[in-house]
Amino acid sequence: MKKSLLLFLPLFVYAQSFMLSDIPLPKTYIQNLDPYECDDSCLKEYLDKGMVFSFLAHATRKVDDQELNDARSIYISVLNLGAFNSGGKLKIAILLPYKKIGKYAASTVNASFAYLMTKTNPFTLKSYKIEDEEQQTLQEALSKIQNDGFTYIIAPLTRKGGQNVINIDPDATVYFPTLNNKDMNSSASNLLFGAIDYEAQSNLLLQEAVSPLVIFSDKSQTGKKLAAYQEKTFLHPPKIKADKEENLFGSFFSSEATVVEDDTTTNTQNRKVIKYFISRRTTNLEHYLKENENITNASFFINTPVIKSGMILSQLTLYDTNATNVLSTQINYDPLILSMTQYVDRRDMIVANSIIEQNNLVIETNSLLGNDVVYDWINYATTVGMDYFYSQVTGELREYKIPLVNHQMVYQIELVKPGYSRFFPYSRKERED
C-alpha cells in the first residue's frame, strides 16, 4: 500500500497548487454486518490477519490507539472511503516570498500538503509567489488571494513582511510559522504566530549556566539579539514572588549584580559575561580560546548555525577550555550535530527543544516528500498551523494540542543532550553527580 502511495506522491512535489478535481472520484462504502463490539485488541487482530475491511467496518471513528488510528487514516485515504468528515471544504493559500526564505519556499508547501494528505476532506492548497515583502507587493498578493476565495493563509515571512501584513490588516486569517508575536506585538485576532520562543528557551538553559558565561554568536540580527538577551538575563535574573526562597535560576546566582559597561565583557559581583561575535568566514578560534584563563571552566552559550557550532565544539576540546557545559537553543537541535562532531566534543552540550508533540502519520507522509518535521522547526510550525486551520474549518479536534495564547502558539520546552546516535532527555541530576 505504501508503495502505491509512493508512486503518486512525486507528481505533487513540484506543483505550486494542490487542488482536487470538481469531478468526484467513486467512493467505497463498507457496511458493518458484525453484531458484536470490537475493542482495540480486536481491531489489532483484524489488522494482523490482513482483514482490512473488517477492521475499517468497526473503526468508523478516530481510534485512541495511535498505531491503529494511523492505519485507519491511511486505509481511508487510499481506498477513498465515503465516510469522511462532512465539514466545510478546505481552501488554504500559502504566501511565498521565495527569494527571502530560500529552501523553505518548497518545504513549507510540502509540509502543508503532507498534513492534508493524512486527512480525508477535499481540499485546495494554492501557493502565491511574491518577489519581495514590500507593503505594495503584499497588498496586491493578499487582494488576489482573497478575490480567489481564500480566507486562511500560511505566510512564512520575515519580520519586515510580517509588519507590513499587520499594517495592511487583511480580511483573512493569516498564520506566520516563522514569526513570534513577542517580536511583532500584534493584537489583531486574525493574525496568528507559530515560531518558537528563543527567549523562553534561553531562560531555561541559563538555569544550567555558571560564571563566566561565554557567548558565541554570529553577526546576524537573531544572533546579536539573543546574545544581548542572554547577557542581560544572566546578569540580572528575574525576581520571583517574595514567598519563594530562590530566584528563577535557583542557587547558582547571587541576588544582586552591578553592571560594568564594556562592549565585550561585563563584570558583576559574582558573575561575568564574555561575548564573541564571529563572522561566517571565521574557522579558527585560537585567538579566542588558546590559553585563555578567563574562560576556563566556563559555560558556553552558542547562537550559531549547526555547521559553525560543530566547528566551535571541536575547538573547545582542542584548546582545553574544560567547559562546564555548552548551551544552545533550537538552532542546534539537528542530527547533523551528531554526525559532524565527536562525542567528546558534545558530551557536555545541552540543547533546548520545542518540537515535542509528534504525529507518526504526518512524519511518514512528509518523509515520502523528502520533508522533515522531526527536527526542522519551521516545517513543524507550519504543520501546527495547518492543523489549527483544519480544525477551524472541519470542527474536528486538533491533532496537535499546542495552546494558542494571545495569538501565539505556545510550545513546551524540554532540555536534551546529544548522545552517541540520538538526543536524549537531560536531567539536572547529571551535573550534580
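Residue numbers run consecutively from 1 along every chain, following the written order of its sequence. With pLDDT at 70 or above as the cut-off, local features in this predicted model cover only qualifying residues; side-chain atom pairs require 80 or more to be listed or tallied, and sums for whole chains, interfaces and linings still use all residues. Excluded from the side-chain calculations are hydrogens and water; all other atoms, namely the structure's heavy atoms, are used.

Mind showing me how you'd approach the nonpolar core here?
A general tendency of soluble globular proteins is for nonpolar side chains to be buried together. Nine residue types can take part in a nonpolar core, namely buried Ala, Val, Leu, Ile, Met, Phe, Trp, Tyr and Cys, and a core is a set of them joined through side-chain atoms within 4.5 Å. Any residue under 20% of the maximum accessible area for its type is buried, any over 50% is exposed, and the rest in between are partly exposed; the area is computed with a 1.4 Å probe on protein chains only. Residues Ile92, Leu116, Tyr175, Trp377, Val384, Phe389 and Tyr411 are the most contacted members of the largest nonpolar core, which totals 39 residues. Strands here are runs of E lasting at least two residues and helices are runs of H or I lasting at least four, both read from the DSSP assignment and numbered beginning at the N terminus. Put simply, the parts of the chain that give this core at least two residues each are strand 2 (90-96), helix 7 (104-117), strand 3 (123-129), strand 4 (152-154) and helix 18 (377-394). If you tally residues by element for this core, the top one is helix 18, at 9 residues. Excluding anything up to four places from it in sequence, Trp377 contacts Pro177, Thr178, Ala195, Ile196, Tyr198, Gln330 and Ile355. Membership of the second largest hydrophobic core comes to 27 residues, among which are Ile278, Ile312, Tyr319 and Val416. Should any heavy atoms of two residues lie within 4.5 Å, those residues are counted as being in contact.

Hey, could you run me through the environment of Ser314 in this one?
On the secondary structure map, Ser314 appears in helix 14 (residues 306-318). Placed 27 residues apart in sequence, Ser314 and Thr341 show a C-alpha to C-alpha distance of 6.7 Å.

What should I look at first to understand a nonpolar patch on the surface in this one?
Residues enter patches when they are more than 30% accessible in relative terms and free of salt bridges; like-charged ones are connected within 9 Å and nonpolar ones (Val, Leu, Ile, Met, Phe, Trp, Tyr) within 5 Å. All accessible-area figures derive from a Shrake-Rupley calculation using a 1.4 Å probe, and residue coverage is judged against the displayed protein chains alone. We define a salt bridge as a contact between a side-chain nitrogen of Lys or Arg and a carboxyl oxygen of Asp or Glu at a distance within 4 Å. Where nonpolar side chains cluster on the molecular surface, the patch consists of Ile307, Leu336 and Met340 and spans about 250 Å² of accessible area. Position of Ile307 among the secondary structure elements: in helix 14. In this structure Ile307 comes out as exposed when scored by relative accessible area, which is 53%.

Honestly, the confidence of the model for the protein chain in this entry has me stumped. Any pointers?
As a note on interpretation, predicted positions should not be read in detail where pLDDT is low. Of all residues in the protein chain, 81% have pLDDT values of 70 or greater, and the mean over the chain is 84. pLDDT under 50 marks residues 83-87. Its contacts with residues more than four places away, or in other chains, come to 9 contacts. pLDDT gives the predictor's per-residue confidence on a scale running from 0 to 100. Considering only residues more than four positions removed or in separate chains, one finds that residues 240-264, a stretch of pLDDT under 50, has 48 contacts.

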